[in-house]
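The lines below spell out each chain.
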Amino acid sequence: ISLQIGKPIKAMLAQKVTSIKDGFEALGKPCAVEYKYDGFRLIIHKDKDKVILFTRRLENVTKQFPEVVEYIKKYVKGKFIILDSEAVGFDAKTKEYKPFQDISQRIRRKYDIEEMQKKLPVEVNVFDVLFYEGKSYLDKPFKERTELVRKIIENHPYKIIHSKQIITSDEESAKKFYKKSLEDRQEGIMMKNLEAPYKPGRRV
């Protein structure tokens, strides 16, 4: 079965470890270390000027997030794309990131969407690409996919950015990055094998 833009796909999930050392032992060195965002999964499909947004549970939430549709049209290079991302809410005045509980009401909202958009805006943090310009990237190594993300996403903080990331073999560097994530009100870090393919719906 091949990937198709507009058809939802299950997100790849992570396994938990209790320490950064365990993470390196499981994945090898070096590996990518990224923020684990306190938001909700958004898998983004772009077909020229048409954008469809799916949650991790394969719900279509395009209507609830009109600003995200605009960001994808304006700041993502390419016509036919599937991206994996996390949408994080923030306070429109203070720019402080909000917990998932605050922003979750936007997912369910069917009315007064414009009002909710002003009250609870989101920033899209893109961390993976599954399909690009007619070609599936599921079997490509993560290092190739993450490089492509950084080429095709034009960073606009508080709108759309590529996920905060370091590539390292050093536990101390990973610990500092972890602490910074917590300071930024996120949940911690994700550690990723640079050679790994994307496995939809699998906890790997």
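Because the structure is predicted, anything quoted here is derived from the model rather than measured.

(A) Examining the pairing of strand E1 (residues 31-36) more closely. Of all the six residues making up E1, five are buried; the element is thus mostly covered by neighbouring parts of the structure. Where E1 lies against strand E8 (residues 165-168), four bridges are found, and the strand directions are antiparallel. Note on E8: the bridge partner recorded for Val33 is Ile166. Two elements, E1 and strand E9 (residues 188-192), share five bridges in a ladder whose sense is antiparallel. Directly across from Val33, in E9, lies its bridge partner Met191.

(B) Representation of the layout of surface pockets in the model. In this structure, the largest pocket spans a volume of roughly 1,600 Å³. What lines the largest pocket is a set of 47 residues, and nearest its centre among them are Leu13, Ala14, Gln15, Lys36 and Met190. Elements supplying a minimum of two residues to the lining of the largest pocket: helix H1 (20-27), E1, strand E2 (40-47), strand E4 (80-89), helix H3 (100-108), strand E5 (122-132), helix H5 (142-152) and E9. Top element by residues in the lining of the largest pocket is E9. It accounts for five residues. Here the lining of the largest pocket is composed, by residue class, of 22 nonpolar, nine polar and 16 charged.

(C) Focus on the sheet that holds E8. Spatial strand order, E8-E1-E9: three strands in an open sheet with antiparallel pairing. Both edges of this open sheet fall to E8 and E9, since each of them pairs with a single strand only. Sheet twist, expressed as the mean angle between neighbouring strand axes with direction ignored, is 30°. Contacts from H1 reach E1, E8 and E9, with the element oriented near 15° to E9. Sheet contacts for H5: E1, E8 and E9; angle to E1, the most-contacted strand, approximately 55°.

How each quantity is defined
Residues numbered from 1 in each chain as written. Predicted model: local features only at pLDDT ≥ 70, side-chain atom pairs only at ≥ 80, totals over all residues. Heavy atoms only, no water. Buried < 20%, exposed > 50% of the residue type's maximum accessible area, 1.4 Å probe, protein only. Helix = DSSP H or I, 4+ residues; strand = E, 2+ residues; numbered from the N terminus. Pairing = 2+ DSSP bridges. 1 Å grid on protein atoms, 1.4 Å probe; cavity = no way out; pocket = protein on both sides within 12 Å on 5 of 7 lines; lining within 4 Å. Points joined across faces, edges and corners; volume = space filled by probe spheres on them. Nonpolar A, V, L, I, M, F, W, Y, C, P; charged D, E, K, R; others polar. Axes fitted to C-alpha atoms, helices over the stretch in contact; angles between N-to-C directions. Contact = heavy atoms within 4.5 Å.

Such coordinate-based values are descriptive only and should not be taken to indicate function.
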